[in-house]
Amino acid sequence: MKSANRFFSFVKKELLHILRDKRTLLILFGIPIAQVVLFGFAITNDLNNAPISILDRAHDQGSREITERLLSSGYFTLLDNLDHPPDIEAAFRKGKAKLIIEYGPDFYQQLMKGRGLNLFLAADASDPNMANLLVNYASAIINKYILEKLPAMANQRRIQPEVKMYFNPSMKSVFMFVPGVMSVILMLVSAMMTSISIAREKEQGTMEVLMVSPVKPVQIILAKVFPYLLLSLVNAASIVALAYFVFGMPVQGSLFLLGLEVMLFILTSLGLGILISTLVSTQQTAMMISLIALMLPTIILSGFIFPIENMPRLLQILTYIIPARWFLVIIKDIMLKGVGIAFFWKETLILAAMCLLLLGISIKKLKVRLE
Amino acid sequence: MPEPIIIIKELTRKFGDFTAVNHISFEVEAGEIFGFLGANGAGKTTAIRMLCGLLKPSSGSGMVAGADILKNPNLVKSRIGYMSQRFSLYEDLSVMENIRLYGGIYGLKKALVKKRAAQLIEKTGLNGLEKRLVGDLPLGWRQKLALSTALIHRPQVVFLDEPTGGVDPITRKQFWEMIYETAAGGTTVFVTTHYMDEAEYCDRVCIMTEGMIRALDKPDILKKKYDAGNMDEVFLKLAR
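Residues numbered from 1 in each chain as written. Chains lettered and ligands numbered in written order. Predicted model: local features only at pLDDT ≥ 70, side-chain atom pairs only at ≥ 80, totals over all residues. Heavy atoms only, no water.

J.: If you had to explain the overall build of chain B to someone new, which residues and values would you point to?
T.: Check the secondary structure of chain B and you find nine helices and ten strands. In terms of overall size, chain B behaves like a compact globule, its C-alpha atoms giving a radius of gyration of 18 Å where 240 residues would be expected to give roughly 18 Å. Dimensions along the principal axes, computed over C-alpha positions, put chain B at roughly 50 × 40 × 40 Å. Per-residue burial over chain B gives 56% buried out of 240 residues. Residue pairs in contact within chain B that sit at least 24 positions apart in sequence constitute 67% of those at least 6 positions apart. A total accessible area of about 10,700 Å² is found for chain B, and carbon and sulfur atoms account for 51% of it. Put simply, chain B has 32 plus and 28 minus side-chain charges, and the middle of one group is 7 Å from the middle of the other. (Helix = DSSP H or I, 4+ residues; strand = E, 2+ residues; numbered from the N terminus. Rg over C-alpha atoms; globule rule 2.2 N^0.38 Å. Buried < 20%, exposed > 50% of the residue type's maximum accessible area, 1.4 Å probe, protein only. Contact = heavy atoms within 4.5 Å. Areas by Shrake-Rupley, 256 points an atom, 1.4 Å probe, with all protein chains shown as cover. Lys, Arg positive; Asp, Glu negative; His and termini not counted. Charge placed at Lys NZ, Arg CZ, Asp CG, Glu CD.)

J.: Give me the overall build of chain A: which residues, what numbers.
T.: A tally of helices and strands in chain A yields 15 helices and four strands. Within chain A, the fraction of its 371 residues that count as buried is 46%. In chain A, once contacts between residues fewer than 6 apart in sequence are set aside, the share between residues at least 24 apart is 78%. Entry remark: accessible area of chain A is about 18,800 Å², with carbon and sulfur atoms responsible for 64%.

J.: Requested: an account of empty space enclosed by the protein, with residues and values cited.
T.: Residues and elements named next belong to chain B. Per the stated rule, a full pass over the model turns up one cavity of 30 Å³ or more. Size it by volume and the largest cavity reaches roughly 80 Å³. Here the lining of the largest cavity gets three residues from one element, more than from any other, and that element is helix 5 (residues 139–150). Of the residues in the lining of the largest cavity, the class split is seven nonpolar, three polar and no charged. (1 Å grid on protein atoms, 1.4 Å probe; cavity = no way out; pocket = protein on both sides within 12 Å on 5 of 7 lines; lining within 4 Å. Points joined across faces, edges and corners; volume = space filled by probe spheres on them. Nonpolar A, V, L, I, M, F, W, Y, C, P; charged D, E, K, R; others polar.)

J.: Which residues make up the interface of chain A and chain B, and what are the values?
T.: Each partner contributes residues to the interface: chain A has 27 residues there, and chain B has 30 residues. Note on chain A versus chain B: buried area summed over both sides is about 2,500 Å², and carbon and sulfur give 56% of it. When the buried surface of chain A facing chain B is broken down by residue, Val209, Val212 and Pro214 of chain A rank first, second and third, together holding 23% of it. Our count for the chain A to chain B interface comes out at one salt bridge. Across the pair Glu97 of chain B and Arg20 of chain A runs a salt bridge whose closest N-O atoms are separated by 2.8 Å. Applying the counting rule to chain A against chain B returns seven residue pairs in polar contact (both at pLDDT 80 or more). Going through the elements one at a time, helix 1 (2–20), helix 8 (174–204) and helix 9 (206–212) of chain A are the ones with two or more residues in the side of chain A that touches chain B. Its residues assigned to classes, the side of chain A that touches chain B comprises nine nonpolar, seven polar and eleven charged. (Buried area = accessible area lost by both parts, 1.4 Å probe. Salt bridge = Lys/Arg side-chain N within 4 Å of Asp/Glu carboxyl O. Polar contact = N/O pair within 3.5 Å; in protein donor to acceptor, adjacent residues only side chain to side chain.)

J.: So what's going on with the side chain of Ser269 of chain A? Residues and values would help.
T.: Looking at the element boundaries, Ser269 of chain A is found in helix 11 (residues 255–279). For Ser269 of chain A, the residues in contact, after removing those within four places along its chain, are Leu186, Met187, Ser190 and Ala191 of chain A.

J.: Report on the domain arrangement of chain A, specifying residues and quantitative values.
T.: Assigned domains within chain A: domain 1 (2–43 + 172–370) and domain 2 (50–156). On a C-alpha basis, the centroid separation for the pair domain 1 of chain A and domain 2 of chain A is 47 Å. (Domains from an automatic or database assignment.)

J.: Give a detailed account of the pairing of strand 1 (residues 6–15) of chain B, specifying residues and quantitative values.
T.: All names here are of chain B. Inspection of the sheet shows strand 1 paired to strand 4 (residues 59–64) by five bridges, in the antiparallel sense. Its bridge partner lying in strand 4, Lys9 is registered against Ser61. Here strand 1 pairs with strand 2 (residues 18–28) via seven bridges, running antiparallel. Note that in strand 2 the partner of Arg13 across the bridge is Val21. With antiparallel pairing between neighbouring strands as the criterion, strand 1 and strand 2 make up a hairpin whose turn holds two residues, including Gly16 at a positive phi of roughly 65°. (Pairing = 2+ DSSP bridges.)

J.: Hey, could you go over unusual backbone geometry for me, with residue numbers and the actual values?
T.: Both trends apply: most residues other than glycine have a negative phi, and most peptide bonds are in trans. Residue and element names in this part refer to chain B. Despite not being glycine, Ala65 has its phi angle at roughly 50°, a positive value. The topology assignment puts Ala65 in the loop between strand 4 and strand 5 (67–68). Residue classification places Ala65 among the buried positions, given a relative accessible area of 4%. Despite not being glycine, Glu162 has its phi angle at roughly 45°, a positive value. Tracing the chain through its elements places Glu162 in the loop between strand 7 (157–161) and helix 6 (169–184).

J.: I'd love a proper account of the nonpolar core, names of residues and values included.
T.: Ile6, Phe26, Val64, Phe159 and Phe190 of chain B are the most contacted members of the largest nonpolar core, which has 159 residues in total. For this core, the element with the most residues is helix 8 of chain A, which contributes 17 residues. Beyond its immediate stretch of four places on either side in the chain, Phe190 of chain B contacts Ile6, Phe26, Val28, Phe34, Phe36, Ile48, Leu51, Val157, Val158, Phe159 and Leu160 of chain B. Counting residues in each nonpolar core, the second largest holds 22 residues, with Leu99, Tyr145, Ile146 and Leu150 of chain A among its members. (Core = buried A, V, L, I, M, F, W, Y, C linked by side-chain atoms within 4.5 Å.)

J.: Any chance you could break down the packing of helix 3 (residues 61–72) of chain A against helix 6 (residues 128–149) of chain A for me, citing the residues and the numbers?
T.: Residue and element names in this part refer to chain A. Taken N-terminus to C-terminus, the directions of helix 3 and helix 6 make an angle of 135°; their axes are 10 Å apart at the nearest point. As summarised for this structure, helix 3 and helix 6 are arranged oblique, according to the angle between their axes. Classified by chirality, the crossing of helix 6 by helix 3 is right-handed. Touching Gln61, Gly62, Glu65, Ile66, Arg69 and Leu70 of helix 3 are Ala138, Ile141, Ile142, Tyr145, Glu148 and Lys149, all from helix 6. Tallied by class, residues from the contact of helix 3 with helix 6 come to six nonpolar, two polar and four charged. (Axes fitted to C-alpha atoms, helices over the stretch in contact; angles between N-to-C directions. Parallel < 35°, antiparallel > 145°, perpendicular 65-115°, else oblique. Left-handed = near helix turned anticlockwise from the far one by under 90°.)

Now the structure itself:
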């Protein structure tokens, strides 16, 4: 009874700190929403109305039909029709066209006679991902056309694979960003905010007073992180809700399981936050360490933005110690694939081990500091 | 004669090779204002931290408010009050919120906190300012509030670690009046200070240098013994 009373006095105090500080409030509630919206609408890898230039030296059935298909796909819009071979480099430097398509003379005739494809694609690779995307989309449309015209081609040449995108059939990048944003936000709220708030008490000297009180250090820390645990859960819920209602991202799997895994990740982040706060004595250092040692790796090494498979071996090994790496796999499995714990028990176990280790170390460090 | 409220015997604390507090022994009577003086680095803070149950002594023993500082530091903590040189209230909480928080920390029941808060507000003259944020109060009032809050659980001993650092002379005087009242109410006051004139206000003072106690007595007796006009001279003679 006595200790429950103590605990709630603390939690109340901590909530008051958070509510009174406009900056904290902004970080807690403004950033998550801004990030999801930003990643959902603005920063997108999806192809949408990319401007293309066309040089049609054939002017035949084939060139017309393919052009029509490209333009009606929604991925491309016609910037201009060129009438003489363009200076491709100059065209790209002007920066308007992203892709240039050139049909050779007698394009349709040569195609139908099986003499190959007299077609040339040039892409502006100053943005390599975009260039790849453009070429892939255009090739897919062109290949489909050729197969319709010449079904025999499929057997004669190599087999054309038919591609179907599972779990994210329209390849919406928001599906990729939501789990990533969630892990960044949770890391931000749980680890950075707690480490700053503990450091603030040290800086202002109020920690000393708390230490002289009969409240045990572990109790102080638990009461301190409890409001952030709640806030993080609220944040996670609002991100999932935003993704679901605004961007149509499904939650295929169990919502309950999702909640538990989110909780596990939050606890791991809180462990990191407490650990940082035991190492530093000012708010500024706490913030710098959180940003550099936690936020950046969470963004860069978790597979959120850069695929882990494409990293050099050394960096790949480094990703193993990033909690968000495992969390991302779990979230995607639950939200997009709708599978159960049987498919990601390994990731869960790794995360749980990290969580226990971090909480254990930070609580131990707290005690040592007091001796 | 009642039992002394603080009994310290041969208390020592080492940090590696460095001995911060070197076999100090003293007793403090209940209701006394006990001044603890010393230059920076003389071992004052280390000694206080051990008395408050924050730091484990390397050797020696001590009883504070009837609790053993080695065996039961948590009991010590619940029986003492503490106010540090750095401001110990939360500036972004209101007067009342601070009082309630400390009441909660020391495990007081809600009704009791309410009753004592009312008394405390009355005594410090903060009527009508209960909802004001502590950060908006003048320093003098904050200091008074900090001391009253440190006493909310009616501790037997209160430790004040340089409570008047950086405070103007008038506020300092008012603060000492509060200390007198506290002691008159039966609470033992253990106070460290840099200001030698404040030493004159204490019932007894203890002067530490290099981790050891150099002198411990009533200010008048010390002045006579060292043939000094005031405590400042006593301190300079000893510290040399």
